[in-house]
Amino acid sequence: MKKKELRIAIIGYNFMGKAHSNGWLQAAKFFDLESQPVLQVACGRNEKALREFADRWGWKNIETDWKKVVERDDVDIVDVSLPQHLHAEVAIAAAKAGKHIFCEKPMALNSADAKKMLEAVQAAGVQHYVNHNYRRCPAVRLARRLIDEGKIGRIFHWRGAYQQDWIVDPEFPLTWHLRAETAGTGPHGDLNSHSVDLAQYLVGDIKSVSCLMTNFIKERPLPGEGAATFSAGTSIGPKEKGPVTVEDASLMMVEFANGAVGSFEATRFAPGRKNHNTFEIYGSEGSLAFDFERMNELQYFSRNDPEYAQGFRTILATESSHDYVANWWPPGHIIGYEHGFVHGMVDFIKAIDEKKTIEPNFADGLKCIQVLEAGVASAKSGQRVNVA
Ligand code: SOE
């Protein structure tokens, strides 16, 4: 029997465009889905680059005007793979046109936009998702399972650090990531948004924030044509420079509603740290530690092991009893970065088919933005700030 189709329009075709295209394609190949995702239309401004992208990934049509795309009758899902300053306008228009929305992170530039996005999807009754892909690593899901089973007990501490090194070179150009009008903030929004999402998922809501931000490189060369993508490397722009208007590092301390305390460190100035998204959780019964650069593993310490045998153990989360794994490879045949995206797409399609809520959705995304915004306010005022 021919499956029902869910036709996707992707807006944006750079790094995330690739990761998302692959995700939609793999989802239907490895997982049993009621509906068949169809790569219906790809949208972007540069027609030549868009055509190449669409041909490579198998998008059936191309369109250079996103406003036309969200209105199309042959589209069910709008995949917002754009920089964050464009999320609100596109997502709200897509919701008004009755489309389900798969949105890249961070959800929006600020909580006012995030609220409008949430209201729009609620009014339209469509599915909505913020793509915090790290939540969908089997090892992270295992962390949540151990917490839910009481193995960690009462949580005392969250310690998150998300470090990269791709802008250490002062000649790295002033791409959109480094300008407040397009990125909002620097690693605080780009990286801490992931860490805050993970902390919300594993520990709970955050009540108050103290934050310190700093900027190491005040000016950078203006980017040349085509420099708008995330990549390590040196400047390809002319000698002219412009001001960096986002922070280069953000350090936050938080209090969770359940009484736990936490710290978050986000930087792109940590040489050798490529995508070092890490967390540690310490509780009354045990501890957990995760490092995305070893994403198939979870470190677990149990105070309930006999004392003579206590120590951190490394669990390779590749058994079929670990979330998502049964659909991939046999134990020990590890998975990678792209799988978090595939799992997001699988759960999103299931949420549409089964009319169930998926998390993190726009309500979770709004909470995350509110925490980040409290961080910005705290860094400005030098005071601890309560989360709205
Ligand atoms: C760049 O810092 C980046 O691509 C982030 O934007 C992603 O969210 C993160 O997963 C990897 O690094």
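What counts as what
Residues numbered from 1 in each chain as written. Predicted model: local features only at pLDDT ≥ 70, side-chain atom pairs only at ≥ 80, totals over all residues. Heavy atoms only, no water. Pairing = 2+ DSSP bridges. Helix = DSSP H or I, 4+ residues; strand = E, 2+ residues; numbered from the N terminus. Contact = heavy atoms within 4.5 Å. Axes fitted to C-alpha atoms, helices over the stretch in contact; angles between N-to-C directions. Near = heavy atom within 4 Å. Polar contact = N/O pair within 3.5 Å; in protein donor to acceptor, adjacent residues only side chain to side chain. Nonpolar A, V, L, I, M, F, W, Y, C, P; charged D, E, K, R; others polar. Domains from an automatic or database assignment. Buried area = accessible area lost by both parts, 1.4 Å probe. Buried < 20%, exposed > 50% of the residue type's maximum accessible area, 1.4 Å probe, protein only. Salt bridge = Lys/Arg side-chain N within 4 Å of Asp/Glu carboxyl O. Core = buried A, V, L, I, M, F, W, Y, C linked by side-chain atoms within 4.5 Å.

All right, on to the sheet that holds strand β11 (residues 249–256) then. Each strand in a sheet pairs with its neighbour through backbone hydrogen bonds, running either in the same direction (parallel) or in the opposite one (antiparallel). One open sheet holds the 9 strands; their spatial order is β16-β15-β14-β13-β7-β12-β11-β8-β17, and the pairing between them is mixed. One side of each edge strand has no neighbouring strand; the edge strands of this open sheet are β16 (313–316) and β17 (385–386). Where strand β7 (residues 155–163) meets strand β12 (residues 261–267), 7 bridges bridge the pair, whose relative direction is parallel. When the sheet's bridge partners are listed, H157 is paired in β12 with V261. Against the sheet, helix α9 (residues 192–202) touches β7, β8 (206–214), β11, β12 and β13 (276–283), its axis set at about 155° to β7. Across the sheet, helix α11 (residues 362–381) lies against β8, β11 and β17, angled at about 50° from β8, the strand it touches most.

The environment of the ligand is formed by 11 residues, the closest being K105, Y134, Q164, D190 and H194. In the environment of the ligand, an oxygen atom lies 2.5 Å from a nitrogen or oxygen atom belonging to the side chain of Y134. One of the side-chain N or O atoms of H194 is found 2.8 Å from an oxygen atom in the ligand. When grouped by side-chain class, the residues that make up the shell around the ligand number 6 nonpolar, 3 polar and 2 charged. For the shell around the ligand, the domains that each give at least three residues are domain 1 (4–134) and domain 2 (138–294 + 296–335 + 367–381).

To continue, consider the side chain of S21. Its place among the elements puts S21 in helix α1 (residues 15–30). Within polar-contact distance, the side chain of S21 engages the backbone oxygen of G17 at 2.7 Å. In this view, S21 contacts I10, L39, F53, W57 and W59; residues no more than four positions away in its chain are not counted.

Across the sheet, which stays open at both edges, the 6 strands sit in the order β3-β2-β1-β4-β5-β6 with parallel pairing between neighbours. Only two strands of the sheet have a single neighbouring strand rather than two, namely β3 (61–63) and β6 (128–130). Pairs of neighbouring strands in the sheet enclose a mean axial angle of 25°, with direction left out of account. Across 4 bridges, the pairing between strand β4 (residues 77–80) and strand β5 (residues 100–103) is parallel. By the bridge assignment, D79 is partnered in β5 with F102.

Domain assignment breaks the protein chain into domain 1 (4–134) and domain 2 (138–294 + 296–335 + 367–381). Taken over C-alpha atoms, the centre of domain 1 sits 24 Å from the centre of domain 2. Facing the 22 residues of domain 1 at the interface are 26 residues of domain 2. A buried area of about 2000 Å², summed over both sides, lies between domain 1 and domain 2, and 65% of it is on carbon and sulfur atoms.

Turning our attention to the environment of V121. You can see V121 is positioned in helix α5 (residues 111–124). Accessibility expressed as a relative area gives 1% for V121, which makes it buried. With 228 residues separating them in the primary sequence, V121 and I349 have C-alpha atoms 16 Å apart. The residues contacting V121, other than those within four sequence positions of it, are A95, I101, V126, H128 and F362.

The next point concerns the pattern of salt bridges. Under the criterion given, the structure shown has 23 salt bridges. With a shortest N-O distance of 3.3 Å, R145 and E149 are connected by a salt bridge. On the basis of relative accessible area, R145 is assigned to the partly exposed category, the value being 40%. Residues D165 and K274 are paired through a salt bridge, measuring 2.8 Å at the closest nitrogen-oxygen approach. Note that D165 is positioned in the loop between β7 and α7 (180–183) and K274 in the loop between β12 and β13, a separation of 109 residues in sequence. Residue classification places D165 among the buried residues on the basis of a relative accessible area of 17%. Each of K105, D190 and R268 takes part in one network of salt bridges that share partners.

Membership of the largest hydrophobic core comes to 74 residues, with the highest contact counts inside it found for W24, W158, L202 and I281. For this core, the leading source of residues is helix α10 (residues 337–354), giving 8 residues. Both of domain 1 (4–134) and domain 2 (138–294 + 296–335 + 367–381) provide at least three residues apiece to this core. The next biggest cluster of nonpolar side chains, apart from the first, holds 31 residues, and it includes V41, W66, C103 and L366.

Bringing the environment of D74 into the picture now. Following the sequence through the fold, D74 ends up in the loop between α3 (66–71) and β4. Remark: the alpha-carbon pair of D74 and R136, spanning 62 residues in sequence, is separated by 29 Å. Not counting the four nearest positions on each side in its chain, D74 is found in contact with R7 and Q40. One polar contact links D74 to R72, side chain to side chain, over a distance of 2.9 Å.

This part is about the pairing of strand β14 (residues 286–291). Most of β14 is tucked away: 5 of the 6 residues are buried. The pairing of β13 with β14 spans 5 bridges and is classified as antiparallel. Bridge assignment links T278 to a residue of β14, and that residue is D291. Between the end of β13 and the start of β14, which pair antiparallel, lie 2 residues. By the bridge criterion, 4 bridges tie β14 to strand β15 (residues 297–302) in an arrangement that is antiparallel. Bridge pairing in β15 places L288 opposite Y300.

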